[in-house]
Amino acid sequence: MDFSEKLLTLRKANAMTQEQLAEKLDVSRQSISKWESGQATSELEKIVAMSAIFNVTTDYLLKSSEIDDLSVKTEMLEKQQQMMLGREEKQRQVFRCVMLFGCSISGILCGMFH
């Protein structure tokens, strides 16, 4: 994986838009797009800033290593799994509220007709 692929993967793994990353780095969204497509290369100071934002080393960003690639992909999958589990828990909470509300209404209606 080269720098452009790593940048794209890290940005998406952190659920960040190109606009959000551009704002953090004080560059244009077009700069981020060019870096991710391999049309341009970032200045060193921006690479250092990206390493801090994504909590990776500059070596990881600049050098190719299959082990690092697997680590990032694993981390990305773990974050996606956490997001899915969070959504499932919210759905369960909504279901419980709806059921509780339905039971409450049933109880009220039963009480009114007895």
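For the structure itself, consult the block above.
For the structure given in this document, a descriptive report is provided here. (Residues numbered from 1 in each chain as written. Predicted model: local features only at pLDDT ≥ 70, side-chain atom pairs only at ≥ 80, totals over all residues. Heavy atoms only, no water.)

### Points about the nonpolar core
Then comes step 1: Residues Met50, Phe54 and Leu61 are the most contacted members of the largest nonpolar core, which totals 16 residues.
Then comes step 2: Mapped onto this core, the elements with two or more residues apiece are α1 (3-13), α2 (18-25), α3 (29-37), α4 (44-54) and α5 (58-62). (Core = buried A, V, L, I, M, F, W, Y, C linked by side-chain atoms within 4.5 Å. Buried < 20%, exposed > 50% of the residue type's maximum accessible area, 1.4 Å probe, protein only. Helix = DSSP H or I, 4+ residues; strand = E, 2+ residues; numbered from the N terminus.)

### Some details on the side chain of Gln18
Then comes step 1: With respect to the helices and strands, Gln18 occurs in helix α2.
Then comes step 2: Judged by its relative accessible area of 15%, Gln18 falls in the buried class.
Then comes step 3: Polar contacts involving the side chain of Gln18 include one to the side chain of Glu36, which spans 2.8 Å. (Polar contact = N/O pair within 3.5 Å; in protein donor to acceptor, adjacent residues only side chain to side chain.)

### A closer look at the pattern of salt bridges
Then comes step 1: Here the structure, examined in full by the defined rule, presents 7 salt bridges.
Then comes step 2: Put simply, Lys46 and Glu45 hold a salt bridge, and the shortest N to O gap is 3.7 Å.
Then comes step 3: Taking the relative accessible area as the measure of exposure, Glu45 reaches 57% and is therefore exposed.
Then comes step 4: A salt bridge links Asp59 to Lys63; the nearest nitrogen and oxygen atoms lie 3.9 Å apart.
Then comes step 5: Assessed through its relative accessible area of 45%, Asp59 is described here as partly exposed.
Then comes step 6: Several salt bridges share partner residues, and in doing so they unite Glu89, Arg92 and Arg96 into one network. (Salt bridge = Lys/Arg side-chain N within 4 Å of Asp/Glu carboxyl O.)

### Looking at the environment of Leu61
Then comes step 1: Relative to the assigned elements, Leu61 resides in helix α5.
Then comes step 2: Along the sequence, Leu61 and Arg11 sit 50 residues apart, while their C-alpha atoms lie 12 Å from each other.
Then comes step 3: Among all residues touching Leu61, those that are not within four sequence positions of it are Phe3, Lys6, Leu10, Ile47, Met50, Ser51 and Val56. (Contact = heavy atoms within 4.5 Å.)

### Here we look at a nonpolar patch on the surface
Then comes step 1: On the surface, a cluster of nonpolar side chains totalling about 670 Å² of accessible area is made up of Phe101, Ile105, Ile108, Leu109, Met112 and Phe113.
Then comes step 2: Take Met112: its relative accessible area is 56%, and that puts it in the exposed class. (Patch = residues over 30% accessible without salt bridge, like charges linked within 9 Å, V, L, I, M, F, W, Y side chains within 5 Å. Areas by Shrake-Rupley, 256 points an atom, 1.4 Å probe, with all protein chains shown as cover.)

### A closer look at the packing of α2 against α4
Then comes step 1: It is at 10 Å that the axes of α2 and α4 come closest, and there the two elements cross at 120°. By crossing handedness, the relation of α2 to α4 is classed as right-handed. Facing Leu21, Lys24 and Leu25 of α2, the residues of α4 in contact are Lys46, Ala49, Met50, Ile53 and Phe54.
Then comes step 2: A per-class count over the contact of α2 with α4 returns 6 nonpolar, no polar and 2 charged. (Axes fitted to C-alpha atoms, helices over the stretch in contact; angles between N-to-C directions. Left-handed = near helix turned anticlockwise from the far one by under 90°. Nonpolar A, V, L, I, M, F, W, Y, C, P; charged D, E, K, R; others polar.)

### Some points on the packing of α1 against α3
Then comes step 1: Packing of α1 against α3 leaves a shortest axis separation of 6 Å and a crossing angle of 125°. It follows from the interaxial angle that α1 and α3 lie oblique. Taking contact as the criterion, the partners of Phe3, Ser4, Leu7, Leu8 and Arg11 in α1 are, on α3, Ile32, Trp35, Glu36 and Ser37.
Then comes step 2: Classifying every residue of the contact of α1 with α3 gives 5 nonpolar, 2 polar and 2 charged. (Parallel < 35°, antiparallel > 145°, perpendicular 65-115°, else oblique.)

On their own, these measurements won't tell you what the molecule is for.
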